[in-house]
Structures are given as structure tokens and as C-alpha cells.
Amino acid sequence: MQDLLLIVAVTAVFAFGWYLMGKLDAFLESNRQDQIALLSAGENILRIGFFDPLVADSLSGALEKYSRIYPSVSVSLFSGTEAELMREFCSHKLDMIFLPENVSIPDKIHSQVDEISLEHMPVVMQYGGLQIEPITEGRIQQKVVWEETETTSEVNRFIQFLKAETSI
């Protein structure tokens, strides 16, 4: 008798969990659609991910100039591992990512890929004003990954700007 009650209880919990997961999936899908609509109709935001934060420093001059030319665009910078950047890019949380030149982009990611050559910029520490020079001389090669669609017009405009400012 106890075994039968246990089986009924486990089945009831499983069925209730199945029902809740269905409701949660429906809610999350609805929320995702709402977020996509808000992003495409809302404020102009450019979300850029970097594998190496020092690359962002090398782009600081171009980013500053871009912000002066297009003051209505908010630029947000993010840093993470290759896997994190790819995951966030695929889930449309990042508009474009900068990766080392030797990283291979999976075929499942339907995007535009180009290489950019950036000058090494020295890093100035906030405390003490110490300047840290890069070890290597010359330029940094980075892969730029972005989606070229109608909803990412800010990305396309920034890519065109980078092509004019650097040797992409």
C-alpha cells in the first residue's frame, strides 16, 4: 500500500512539475519576444564584447570619436571568455564581439566576420599614474563578429566607422 501511495505521489509531483515547466517555457518565450521588440524599437544601444579588455583600450579613441559623432547611441562594453562571448552573441545580448585572430567561429553562427588591426595602447594605472607598455611591438589582430541585419543598423554603422578609422 505504501508503494502505491509513493508511486501516486511521485506521479502527481511529476505531472505538476511538467505543467509548471510548460507555463515557464511559455512565459520565457513571451518575455523573449517582448525583449526583442523593445530592443528593436527602443533606445539606440551598441553592446560590444571583448575577450581582452586591453583591446577595448586600443579602441578607446575610435569609440570616443564615434560617441561624439552619434551622441544618441549608447555604447556598452563587456568582457568575458570566448565561450561566454559566443553564448551572449548567439542569444543576442551582444551586438558584436572582438576575439583573438586565431579563434575559429563555428559554422552554426550565421554572422559576418572580419579582421581588424589595432595599435597597442599603453595602459595608465589609476593609482600612481604608472604607464604599462605592451610587451609586443606593432599591432593586435582581432576578429570582429557581428550580425548584418536590418535590426542591427547601429552595428552596421559602427562597422563602417571602424573600416574608415582603422585598417579592417
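Source: prediction; values computed, not measured. (Residues numbered from 1 in each chain as written. Predicted model: local features only at pLDDT ≥ 70, side-chain atom pairs only at ≥ 80, totals over all residues. Heavy atoms only, no water.)

**Q** Would you mind going over the pattern of salt bridges in detail, with residue names and values included?
**A** In this structure the tally under the stated criterion is 5 salt bridges. Across the salt bridge formed by Arg68 and Glu64, the nearest N and O atoms sit 3.2 Å from each other. Taken together, the residues span about one helical turn, with Arg68 and Glu64 both in helix α3 (residues 60-69) at a distance of 4 residues. According to the relative accessible area criterion, Arg68 is exposed, its value standing at 57%. (Salt bridge = Lys/Arg side-chain N within 4 Å of Asp/Glu carboxyl O. Helix = DSSP H or I, 4+ residues; strand = E, 2+ residues; numbered from the N terminus. Buried < 20%, exposed > 50% of the residue type's maximum accessible area, 1.4 Å probe, protein only.)

**Q** Just give me the short version of the sheet that holds strand β7 (residues 139-146), but keep the residues and values in it.
**A** On the basis of which strands lie adjacent, the open sheet formed by 5 strands has the order β2-β1-β3-β7-β4 and mixed pairing. With partners counted over all chains shown, the strands left at the sheet margins are β2 (74-79) and β4 (112-119), one partner each. The mean angle between the axes of side-by-side strands here comes to 25°, regardless of whether they run parallel or antiparallel. In this structure, strand β1 (residues 45-50) lies alongside β2, joined through 6 bridges in parallel fashion. The residue bridging Arg47 from the neighbouring strand is Ser76, located in β2. Each of β1 and β2 touches α3; the most contacted strand, β2, lies at about 155° to it. (Pairing = 2+ DSSP bridges. Axes fitted to C-alpha atoms, helices over the stretch in contact; angles between N-to-C directions. Contact = heavy atoms within 4.5 Å.)

**Q** Give me the environment of Ser153: which residues, what numbers.
**A** With respect to the element layout, Ser153 can be found in helix α5 (residues 153-165). Look at Ser153 and you get partly exposed, because its relative accessible area is 43%. Once the C-alpha coordinates of Ser153 and Leu46 are considered, the two residues, 107 residues apart in sequence, prove to be 9.7 Å apart.

**Q** Could you give an account of the packing of aromatic side chains, with specific residues and numbers?
**A** On inspection of all chains with the given rule, the structure shows 6 aromatic pairs. For the ring pair Tyr66 and Phe158, a centre distance of 4.9 Å and an interplane angle of 85° mean the geometry is edge-to-face. Of this pair, Tyr66 sits in helix α3 while Phe158 sits in helix α5, and the two are 92 residues apart along the sequence. Overall, Phe158 belongs to the buried group, its relative accessible area being 0%. Site record: aromatic cluster; members linked through ring pairs are Tyr66, Tyr70, Phe158 and Phe161. A cation over an aromatic ring shows up here: Arg157 above the ring of Tyr70, its NZ or CZ 4.1 Å from the ring centre. (Phe/Tyr/Trp six-rings, centres within 6.5 Å; stacked < 30°, edge-to-face > 60°. Lys NZ or Arg CZ within 6 Å of the ring centre and 35° of its normal.)

**Q** Now, about the pairing of β7: what can you tell me, with residues and values included?
**A** The element β7 is largely enclosed, with a buried count of 6 among its 8 residues. Of the strand pairs in this sheet, strand β3 (residues 96-100) and β7 are connected by 5 bridges, and their pairing is antiparallel. In the sheet register, Phe98 faces β7, and the bridge partner there is Val144. Where β4 meets β7, 8 bridges bridge the pair, whose relative direction is antiparallel. Following the sheet pairing, Ile116 is matched in β7 by Gln142.

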